[in-house]
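A look at the structure
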Amino acid sequence: MGLIPLAILVGFAVLAIIFDLFLGRWWAKLFSYLGVALATGAEVLVWSHRGKFLSDLLLQDPVGIFSAALILIFTFMVFLTADGYDLKAGIREGELYILLALSTAGALVMVTTRHLLVAFLGMEILSVANYALAGLRRDSLSKEASVKYALLGVFASSFFVLGMAFYYRAGGNLYIDSRVAANPSPLALGAGLLLVSALMFKASLFPFHFWTPDVYQGSPSPVTGYFSVVTKIAAFVLLLRLSDFVIRPEFRWFLAASAVLSMIYANFVALKQTDIKRLMAYSSISHAGYMALALLLGKGGGWVLLFYLAVYGFMNLGAFAVISSMAERNSLEDYRGLSRLNPPLAAFLAFFLISLAGFPPTAGFLGKFLLFSEAGGAGYWALVVVAVLATLVSVYYYLRVVLYMFMKEGQEGGFYFPTSILSMFISLFFVLELGIFPYTLLAFLKVFVG
Amino acid sequence: MKALLGLIILFPAFGALFLVLFGRLLSKKLISWLSPSLVGLSFIASLISFFTLKSGTLLYLFPWLSVGNLQVDFALLWDPLSAVMALTVSGVAFLIHIYSVGYMGEDPGFARYFAYLNLFTFSMLLLVLSPNLPMMFVGWEGVGLCSYLLIGFWFEKETAANAGKKAFIVNRVGDFGFLLGIFLLFTILKDLNFSYINSHAQVLSPAMATAVALLLFLGATGKSAQIPLYIWLPDAMEGPTPVSALIHAATMVTAGVYMVSRLFPVYARSGFALDLVAWVGIITAFFAATIALVQNDIKKVLAYSTISQIGYMFAGVGVGAVSAGMFHLFTHAFFKSLLFLAAGSVIHALGTQDMRKMGGLRKEMPVTFWVFLIAALAISGIPGFSGFFSKDEILAQAFAKNRAIWAIGVITAGLTAFYMFRLIFMTFYGKPKGWRHAHESPPVMTVPMIILAFFSVVSGWIFAAFHHFLEGLGYVHLRELAPSAEHILVAVSVSLALIGIGVAWWVYVRRERGFNFGIIYRVLAGKYYVDEFYEVLFVTPYTQGSRAINRYFDKGIIDGAVEGSGKITMEGGRLLSLLQTGLIKDYGLWMAAGVILALTLAIRGLL
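Residues numbered from 1 in each chain as written. Chains lettered and ligands numbered in written order. Predicted model: local features only at pLDDT ≥ 70, side-chain atom pairs only at ≥ 80, totals over all residues. Heavy atoms only, no water.

Moving on to the overall build of chain A. Helix and strand counts for chain A come out as 19 helices and two strands. The globule rule puts the C-alpha radius of gyration for 450 residues at 22 Å, and the 21 Å found for chain A is close to it. When its C-alpha atoms are laid out on the principal axes, chain A stretches across 65 × 55 × 40 Å. Across the 450 residues of chain A, 67% fall into the buried class. At a minimum sequence separation of 6, the contacts of chain A that also span at least 24 residues come to 79%. Entry remark: accessible area of chain A is about 13200 Å², with carbon and sulfur atoms responsible for 71%. (Helix = DSSP H or I, 4+ residues; strand = E, 2+ residues; numbered from the N terminus. Rg over C-alpha atoms; globule rule 2.2 N^0.38 Å. Buried < 20%, exposed > 50% of the residue type's maximum accessible area, 1.4 Å probe, protein only. Contact = heavy atoms within 4.5 Å. Areas by Shrake-Rupley, 256 points an atom, 1.4 Å probe, with all protein chains shown as cover.)

Turning next to the packing of helix α8 (residues 206–223) of chain B against helix α13 (residues 271–292) of chain B. Residues and elements named next belong to chain B. For the pair α8 and α13, interaxial distance at closest approach is 9 Å and the crossing angle is 25 degrees. Relative to α13, the element α8 lies roughly parallel. Counting all contacts with α8, which are made through T210, A213, L214 and F217, the residues of α13 involved are F272, A273, L276, V277 and V280. Tallied by class, the residues present in the contact of α8 with α13 amount to eight nonpolar, one polar and no charged. (Axes fitted to C-alpha atoms, helices over the stretch in contact; angles between N-to-C directions. Parallel < 35°, antiparallel > 145°, perpendicular 65-115°, else oblique. Nonpolar A, V, L, I, M, F, W, Y, C, P; charged D, E, K, R; others polar.)

As a further point, take the interface of chain B and chain A. Facing 69 residues of chain B, the contacting portion of chain A comprises 76 residues. Of the roughly 6600 Å² buried where chain B meets chain A, counting both sides, 79% is carbon and sulfur surface. If you sort the residues of chain B by the area they bury against chain A, B:F183, B:Y542 and B:M591 come out on top, with a joint share of 11%. Only β1 (57–67), α5 (133–151), α6 (158–189), α23 (530–552), α24 (561–571), α25 (575–579) and α26 (583–606) of chain B provide two or more residues apiece to the side of chain B that touches chain A. Among the elements that line the side of chain B that touches chain A, the one with the most residues is α26(B), at 15 residues. A breakdown of the residues in the side of chain B that touches chain A according to their chemical character gives 48 nonpolar, twelve polar and nine charged. (Buried area = accessible area lost by both parts, 1.4 Å probe.)

The next point concerns the nonpolar core. Soluble globular proteins tend to pack their nonpolar side chains together in the buried interior. If you look at the biggest cluster of nonpolar residues, it comprises 402 residues, and the most contacted ones within it are A:F236, A:L370, B:M124, B:L133 and B:Y267. It is helix α15 (residues 322–350) of chain B that provides the largest number of residues to this core, a total of 19 residues. A:F236 has contacts with A:A203, A:L205, A:A288, A:M291, A:A292, A:L295, A:L305 and A:L309, leaving out every residue within four places of it along the chain. Ranked by size, the runner-up nonpolar core spans five residues in total, among them A:A16, A:A28, A:F31 and A:I98. (Core = buried A, V, L, I, M, F, W, Y, C linked by side-chain atoms within 4.5 Å.)

Before going further, it helps to spend a moment on the pattern of salt bridges. Going through the model one piece at a time under the given rule, you end up with 16 salt bridges over all chains. A salt bridge links A:K29 to A:D83, with the nearest nitrogen and oxygen atoms 2.7 Å apart. Of this pair, A:K29 sits in helix α2 (residues 25–46) while A:D83 sits in helix α3 (residues 62–89), placing them 54 residues apart in sequence. The salt bridge involving B:R172 is made with B:E141; its shortest N-O contact spans 2.9 Å. Taken as a pair, B:R172 in helix α6 and B:E141 in helix α5 lie far apart in primary sequence, 31 residues in all. For B:R172, a relative accessible area of 7% puts it in the buried group. (Salt bridge = Lys/Arg side-chain N within 4 Å of Asp/Glu carboxyl O.)

Another point: the pairing of strand β2 (residues 70–78) of chain B. Residues and elements named next belong to chain B. Burial of β2 is extensive: eight of the nine residues sit out of reach of the surface. Where β1 and β2 come together, nine bridges link them in antiparallel fashion. For L58, the partnering residue across the bridge sits in β2 and is L77. (Pairing = 2+ DSSP bridges.)

As a further point, take the side chain of B:S32. Residues and elements named next belong to chain B. By the element assignment, S32 lies in helix α2 (residues 28–52). Since its relative accessible area comes to 18%, S32 is described here as buried. Side-chain polar atoms of S32 contact the backbone oxygen of K29, separated by 2.8 Å. Residues contacting S32, with those up to four places away along its chain left out, are V101 and F110. (Polar contact = N/O pair within 3.5 Å; in protein donor to acceptor, adjacent residues only side chain to side chain.)

Structure (structure tokens):
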């Protein structure tokens, strides 16, 4: 039962490959959409059959089901965003959708397993598909992104494998929920460090974030949106499952330092960016920094982490839906006067940036508010001060984009709706919904995730 | 009847939403009826609430946050403090909406303007009616956002765009303090409702109360333009004048005073924080008044005057007299918004803000002149006018608490009278300088001004009732002074005000020449060079630091188109060349270094 969402997703992806070969790309698209939609439904149905599956390797618990559903919904939104995009960029549509579906399957495995080896398999499925996705565009920047991502990804994978080896040596098995983290031996500690470092790479946390700007800039825009959201969710959920390591006293400072440096570094560097996707890359690094605060709260911070991931996903994908409809004209200069050229696009992007900057009544504000107040309540005052300061500084560069769009002259233009508008509306709805009526979701997370 | 509270905020919210969605499609005529009348309805709802609702009425709307200890609901609170604020805000906003119909009549952004103005009214009412800190913060940011949008309303002008940006950034510094204050309070008390906080203020240790109070006060200095964060308000005058009247004089900028009054028990718990509020207030009052002495832009004079008057309000609250501070907030809302509207009427007629190009307008614009004069008399504290009652109450309370604060306040009162009448004499007296035709504004603009003029006089007469009403809060008390002492204090401040007016008359009507004190004048005209100081201290390090880090780490940054195109042609898609850029090696090195550093340190800590 717990395997069904995954089976549907992979099955339809395989069908998509076959139909793409013989009958054309339209079918690939159809099957990918269907696969993700049906898998989402299946994931919801799994809720009433929570538990362990497949010789206890898979774990469909509330954290897993919630994050899997999030991942599937976000993938669906990326599909909607890619819909208008791929025609312009000369990308083979079939590949884009199939690779996205396969990568998503990897992410699902990562969030619904209780075994490190399976998690590693999931991570590799996700990563290999991602390397290919990064290089889909036919220019040098995209190729560069793909190669960089792959080469550095190998680093991360090797950390993970070595970490698994240490883990096995220290605990005698590879189950994530075995009590290896409580083991005081240096071996267990090393295992935790290596595993966590590898996941920090996927999550774009300092000092493992260096690939982020280059890869974000080079990849096709919808794919960049996908990286910034789905990959991050998978990595953070796995980090949450390993959070017993994170909160060990010898270890805690490492993540705390990483969080602080991610926030400070990213928000400093972002100011001088002239490419919006690089800017969003630094924004993504800084948000990883905020989310790392939730990891420091241990398992008890799970609910706030998942809430933040949901919020972050909607607002970031909303922004990327707009960026994607700019057809890879990514320089800030291209956004000059967008409010005249296409008012709805400019208004949408401004809204999502305001949410990313953390203004009420958007969910971006609420996410930060809950995250920081929880961290403050747990006694991480220095981190909260830095985080609030970082948020303060970040407004400066988000605002820069808004100023470009609104406060510079541009020519009057048509009033057209891009195809990714649906994705923007979904994001808009949820960013407001989660900002103003978060009660139900918070209650759900509080009860089941704790 | 509780539902009335919902109506108060619903009317302007509906207006904002409707105008944002359909503003482009509506005729100007429809907008100019719809938008003001919605705010009018909101005012009527506030009035009915005032007469029918009991203090402490809470309209529960829906649960907002409930996680563990934190329980925050969306609700609206009606008590003396919020009643005063809601009536003032909706009333003044209503009049300014009407005035704006005339003032903005020719502007192509008519619909957008009224959408923002309605949104502002909604956010401000949300701020004052909120029963807990997080909701207040939502309103706080909402009014801020509207304020930036309206400052930068004419964003084609670079100065306007920059002024909007400046307001935004400076206020973020304030928000930093405000947010940390909320977090800290939550950590200690585990509850963020005002009623709970105020009834449990005694639980806080004085040190904790001080920390909370100071952090929140940082937020107040940002929003209410006090030292050290006042620098955005003078620039904010780039916005349309009715906006300056509503947001940057009567309502939003007083939100800080409201917040301190709202959480007064926390401030009172920490004696130090309360003293600091009083001192920051009175020093700001003096400091801003000195800058106002030498400004030649009619709106800049009023902007510094606003900063100065808000300083008085903080001083009032800071010496422990909440109702005196709030009363000055109340009267100030009328006479200061009137001053701005009258100045707007002059600007509307002449097309300039430079007072050196005005002069002699008394005959051409009689209504504007008379209402201006009434407002100026009110702000100068001439007996019988509203400002007299509120300002003298603050000064009397200061006298009872701390003579030094009183002394600075009374000198500032003299300065206030001087710069205000300097403005009047330069604008309305003497010979016309550089203008040919001027005309009185249409009734849609003059009628709101006349109504405000009426309140600028009479609103001061209700002090006893006002104070009694606020006593319902439970923590509002005034010190009693001997009648003889009170008479002497009044005599001193009134005679200083009269001297100020007299000197202004002597300098600007009799001699008809400005004055120039050399270095002092230059320092004042340069606004003490605080902007430049902040630039060097904060802005430059951030931009330079960003550039430096980028140069070292982010080698992918393309600093100009030439380099970019060169890069693409040179690399030409050759994959192998990428390996030779050294970037990957660098990145890998960083990752490995990170892990190794962590490993060694962690294991050393373990052994």
